[in-house]
Each structure stands twice: as structure tokens, then as C-alpha cells.
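# Topology and contacts: notes
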Amino acid sequence: MLKFEVVDSNRNKSIFEFAAGKVVLGKGDHCDVILTDNHVSRNHAEIIVDESGARLQDLNSTNGTWVNGERLLAELLLSEGDVLRFGEITLRITAVSKKMAVFEEGTDRRQKFDNVKQESEELVALKRRVHSLILDYLDLRKRANLQTMGQDELRLEAEKATQEIIRDHVSRIPDGVSREELQRQVVAEAVGLGALEPLVNDDAVTEIMVNGPDQIYVEKDGRLTLSESRFSSTQSLLSVIDRIVAPLGRRIDESSPMVDARLPDGSRVNAIIPPLALNGPSITIRKFAKKNLYMSDLIRYGSISESMGMFLKEAVELKQNIVISGGTGSGKTTLLNILSNFIGSQDRIITIEDAAELKLNQPHVVALESRPANAEGKGKVSIRDLVINALRMRPDRIVVGECRGGEALDMLQAMNTGHDGSLTTGHANSPNDFLSRLEVMVMMAGVDLPSRAIREQIASAVDILVQQTRLADGTRRITHIMEVVGFEGDKIKLEPIFEFVRKGYDANGKITGFYRATGYIPKFYRNAIEQGVPLDTALFGDDSSGDFLHEGVR
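Residues numbered from 1 in each chain as written. Predicted model: local features only at pLDDT ≥ 70, side-chain atom pairs only at ≥ 80, totals over all residues. Heavy atoms only, no water.

### What about unusual backbone geometry?
Between P274 and P275 the backbone carries a cis peptide bond, its omega angle lying at 10 degrees. With respect to the helices and strands, the residue P275 is situated in the loop between strand 16 (268-272) and strand 17 (282-286). Phi is positive for N60, close to 55 degrees, though the residue is something other than glycine. Here the phi dihedral of R394 falls at roughly 55 degrees; this positive angle occurs in a residue that is not glycine. Among the structural elements, R394 can be located in the loop between helix 9 (383-390) and strand 21 (397-400). (Helix = DSSP H or I, 4+ residues; strand = E, 2+ residues; numbered from the N terminus.)

If you want it as C-alpha cells, here you go:
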């Protein structure tokens, strides 16, 4: 037996009682309990009543089912006193009979996020209502001018509308939020980035991950934590995604449910929506540092030693082809940007990226960015297309943000045909893994080449391999610098120049260790000295006296 009471937005109360069976809740006429609210789905949720009790399950509703202030993520056994919310309708369980089990049911970890107090459902419902009124206000007052208004003008109109609506329609503001903060949040959802705005502006946040409207995780100091912020609805989140991608001429909808984009500050954005994203629209933002980072910053953070930094600077200046490998979020693009700034001002540089992130300070730079297909499936320009075109642009240096596929072959050919000093990155967990992956990427170009020929091409094209690693404690370090010394037998031969040696963990759980030179002096370095270039071989001495306990950067 199940008994509960339903209270709508007008404080009208209804009492229901059900025996064993299925109880469907929603705004459809066929539902056992009809919930009349704009934010309730036609088939919103169901409750199965049997001898074990009453089990609640969401039926893939648009705005979700809430139990005691938390969104329902899996089937839940209800208890007396539980408070359910469907839009602005409240349902309170007043009685439920269930057979006591010998063993209590285990805790569903999906219902436990972090020890973070998220915005209350009362506040979210209020923001949803005010947001809806703002859109109606703007639509009625500025219907003819909305399309021609600039962003600043539109935000100003939204702020005026919000002030009027809160003054005229909001009698009570939930505890813990001021009238000014409520206005800021609502305006951000109406015309800005919504719940993402304060996170994007927070310099301590390096990555933002949105898992549907009710979960926003952030990375700070290499650790993931749940944010207090939430979106008011799925539609609000989708609107924010549209506002991010539309200025770039890109789109996201059911026919094209994935997109890569960037924010005005250069931060990289990936978005994916239903039907591919089952938990609701998902956004991942890798923030672009507002302050340009330099090699001195990496040394200060402990991501690299001074000797390693000096060596990489000289390798760039001596036009060595350098590849940076590492896992996702390890700091490859940051290091690529730093190394790119050692290129001389007299060189013509072509940069090629999926989403423009590189910020070079040389005067002669041409930045190219790939383009996805349009709605008709036409107009796609890939990284490989841009690499091929760049070879016709008389480059001195080519910098490719990341090699992922067939463009690797064209990049290797460029390195082998007079474009020395080129730079790129790739995903791999170790230097040897990267060489194997690079071979596979060349095969993706569709050219029928034997493996030996591909390896010979790699060995002659790549000079220096730098391995960037994100360690278990969240710090980012350069763990290997190696020279590609040639081809022996059927294998590419690597010679380590510098490496990071782990010692253990400190009292704070941070990995400790030191950077060490192996004593090997690279071939290009020896050749430069023979040609009269003044270089310091003391760099290749022992660095093991210095421990680096600070956090690295991305």
C-alpha cells in the first residue's frame, strides 16, 4: 500500500492511495496521477507498488525527478517522509508498507555525489520561472530587434527585464542567495553562459565538465570536485551550447549531435547532446590560460628542470623537429605553445589546429583552423587538407596542434622535405607507444606503404620526442626527453636525454622525485658544436640534487 499527497504551485493539495500495481505520473491524460505543470513530461515517472515496498523510477523525463533535493539517477525504494518534486509540484510520501528484508539494500553510489551542497530545488525552480518570464518579456518587447541586437545590448535588456520581473513577480527569495545574485544567475542563463560563467571566470578552475543540467564538475589543483552550480533546465543548457557554437558558424542538433568549438578567450569546448548523450547534454571545457605561460613558469611549477628547459629552447632554435606526446589533459598544448615562442621572429610560421589555441608572439604567423561539414554534409576541411595546403604557402615552420590521423603522413613528409623545426603533438602514454601510434596514423592516410618504410620515414623526420605526463596526484610533468637516433633492424632507436625519477609521496600525497640527465649528448648538439655554435654541454650533467614538489600545469 502507498499513500501520498500532492501539492501544486497554487498550494492545492490532493491525497492519493494505491494498492499493489504500477502508478504512472505525468501530465498525460492516461496517467494515474496527472501532474499539470509545464516542466512535467507526458510520461514523467512511475512507482511500482508490491510486497517489497514502493520503487520510484524516472521515465527519461526532460527535467528529471527529484527526491529530497537530489535528482533521481536510478530506481529508488521510497520511504515514509520522502519528498518528490516534478517541476513545481511537490509529492510527499505519507505511508508505505513494505516487507522487511533479512539484509538491508546496499547504498547506490550514483545517488551520492560529494559533500557539496548544491543549489536547492526551490532556487532552481525560481530561476526556471523567472527565466521563462524573461524570454516572454524580451520576445514581446523586442521581437523585431532581437536578431540585430549586439551581445552587450541584449544583456542590458535582459538585466532590465530581470529587475522588473523579480520586483513584480517574486515575493520570496530562497535563503542563501541575494536578490543581486539571483538576477546575475538568471541573466547569465538567458543571454550568457548560465551556470558556467563564474566557473569560466575563476582562474583556479582548469577544466569544466557538465553532465546534464544538474551536475557540473570542475578541476582545481588537479582534482575533480562537484560544483554547487546547476542549470535550471535541459533547455537552458542547450541554449548555452547554441550560444557557444553559433558565432563560430557551427551547429549542434539531432542530426549532428557532437561539436568542437572554443570560447572567445580561446578555451576549448566539446559538446555532445541526446540521443548520443543519455544523461542529457554534456559539455567539456578545457580553459585557456588568461596569462601567457613561459618556460620560467614551468620551471617554477616543477613541471620541468632548468637544464631541460634550456635544452628544449636550443632544440627549437636549432630547428629540430619536435613531437610532444602525452595523455589527455597532460599539458601537451601548453608546452607546444611555450616551445613555439622560441621560434625566431624572421621565420614564417603556419599553425594548424582543430580549435585555435596557440598564441604565438612572432610577427609572421598564419593561423589555420579546420572546419566541419555543414548541414548538407559539405564544406568539410580537415587537418590533413590544411597541412597539404600549408606546404604551398612557403612556410619556414609548420606547427600542428595535434596529429590524430592521416595528416601524420603529410607532416612527416614536410619534416623530411626542408621544413625543419616543425612542431606537433599526439596522444600516447610513453615515447615508444607514440611511435607505434604514429605508424598507425600514417596508415590511416590510405597509402599502401610497408611498415619498414613508415618507420624509416618516422626515424628520419622526428628529431626530439618529449613525453608529458599527468601523474596520479594531478601534477603535470615532462617525464622523458629523447632523441630519435636512427633505425636499427626493424625498430626505431631512441636515446634518453632527460628523465623524471619518482621517489615516493610526501605527507600531502604529492609525488616527489627529481629530474636527471642521462649523460647522453644528442647528435644534433654535437654537430652544432663542431660547426662553431657556442653551446653548453654542462646541461647534460646530473640534476638529481633538486626535488620538485610543486604542482605542474596543463
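### As for the packing of aromatic side chains
Under the definition given, this model contains 11 aromatic pairs. Summarising the aromatic geometry, the rings of F311 and Y525 are spaced 6.2 Å apart at their centres and angled 35 degrees between planes, so their arrangement reads as tilted. Remark: Y525 occurs in helix 13 (residues 523-530) and F311 occurs in helix 7 (residues 306-317); sequence separation between them is 214 residues. Taken as a pair, F311 and Y525 share a single burial class, namely buried. Summarising the aromatic geometry, the rings of F524 and Y525 are spaced 5.9 Å apart at their centres and angled 80 degrees between planes, so their arrangement reads as edge-to-face. The same class applies to F524 and to Y525, which are both buried. Joined through ring pairs, the aromatic side chains of F311, F498, F524, Y525 and F540 make up one cluster. The ring of Y301 has R300 lying over it, and the distance from NZ or CZ to the ring centre is 5.2 Å. (Phe/Tyr/Trp six-rings, centres within 6.5 Å; stacked < 30°, edge-to-face > 60°. Buried < 20%, exposed > 50% of the residue type's maximum accessible area, 1.4 Å probe, protein only. Lys NZ or Arg CZ within 6 Å of the ring centre and 35° of its normal.)

### Some details on the nonpolar core
Grouped together as the largest cluster of nonpolar side chains are 40 residues, with contacts concentrated most on F311, L339, V466 and I481. Tallying contributions element by element places helix 7 first for this core, with five residues. Among all residues touching I481, those that are not within four sequence positions of it are M308, F311, L312, I464, L465, V466, E495, P496, I497 and F498. V323, I398, A408 and A414 belong to the second-largest nonpolar core, a separate cluster that totals 34 residues. (Core = buried A, V, L, I, M, F, W, Y, C linked by side-chain atoms within 4.5 Å. Contact = heavy atoms within 4.5 Å.)

### Some words on the sheet that holds strand 10 (residues 83-86)
With antiparallel pairing, six strands are arranged side by side in an open sheet as 2-1-11-10-7-8. Looking along the sheet, the strands with just one partner apiece sit at the ends: strand 2 (13-18) and strand 8 (70-71). Sheet topology note: the strand 7 (residues 66-67)/strand 8 ladder contains two bridges and is antiparallel. Residue pairing in the sheet places V67 in a bridge with E70 of strand 8. (Pairing = 2+ DSSP bridges.)

### Comments concerning the pattern of salt bridges
Using the criterion set out here, one finds 25 salt bridges in the structure. Residue R55 is joined to D50 by a salt bridge in which the shortest nitrogen-to-oxygen separation is 2.6 Å. Here D297 ties to R300 by a salt bridge, and the two come within 2.6 Å at their closest N and O atoms. Here D297 and its partner R300 are both found in helix 6 (residues 295-301), three residues apart, which amounts to about one turn of the helix. Residue D297 is classed as buried on the basis of its relative accessible area, which comes to 3%. Taking relative accessible area as the criterion, R300 reaches 46% and is therefore assigned partly exposed. Ionic contacts of the salt-bridge type, sharing partners, join the residues D50, R55 and E75 into one network. (Salt bridge = Lys/Arg side-chain N within 4 Å of Asp/Glu carboxyl O.)

### A word on the domain arrangement of the protein
Structurally, the protein comprises domain 1 (2-96), domain 2 (121-141 + 148-286) and domain 3 (295-540). Between the C-alpha centres of domain 1 and domain 2 the distance comes to 28 Å. Contacts between the two partners involve 10 residues from domain 1 and, on the opposite side, 10 residues from domain 2. A combined buried area of about 850 Å² lies between domain 1 and domain 2, and 51% of that area is made up of carbon and sulfur atoms. (Domains from an automatic or database assignment. Buried area = accessible area lost by both parts, 1.4 Å probe.)

### Description of helix 3 (residues 179-191)
With 13 residues, helix 3 extends 18 Å between its outermost C-alpha atoms, agreeing within 8% with the 18 Å of an ideal straight helix rising 1.5 Å per residue. Three or more residues of helix 3 are buried, namely L182, Q183, Q185, V186, V187, A188, E189, A190 and V191. (Expected span 1.5 Å × (residues − 1).)

### A short note on the sheet that holds strand 18 (residues 322-326)
In space, the nine strands of this open sheet follow the order 20-19-21-22-18-23-24-25-26, with mixed pairing throughout. A single partner strand is all that each edge strand has here, and the edge strands are strand 20 (365-369) and strand 26 (511-517). In this sheet, adjacent strand axes meet at a mean angle of 25 degrees when their direction is disregarded. By the bridge criterion, five bridges tie strand 18 to strand 22 (residues 423-427) in an arrangement that is parallel. Across the sheet, S325 pairs through a bridge with G426, a residue of strand 22. Here helix 9 sits on the sheet and contacts strand 19 (349-353), strand 20 and strand 21; the angle it forms with strand 19, its principal contact strand, is near 170 degrees. (Axes fitted to C-alpha atoms, helices over the stretch in contact; angles between N-to-C directions.)

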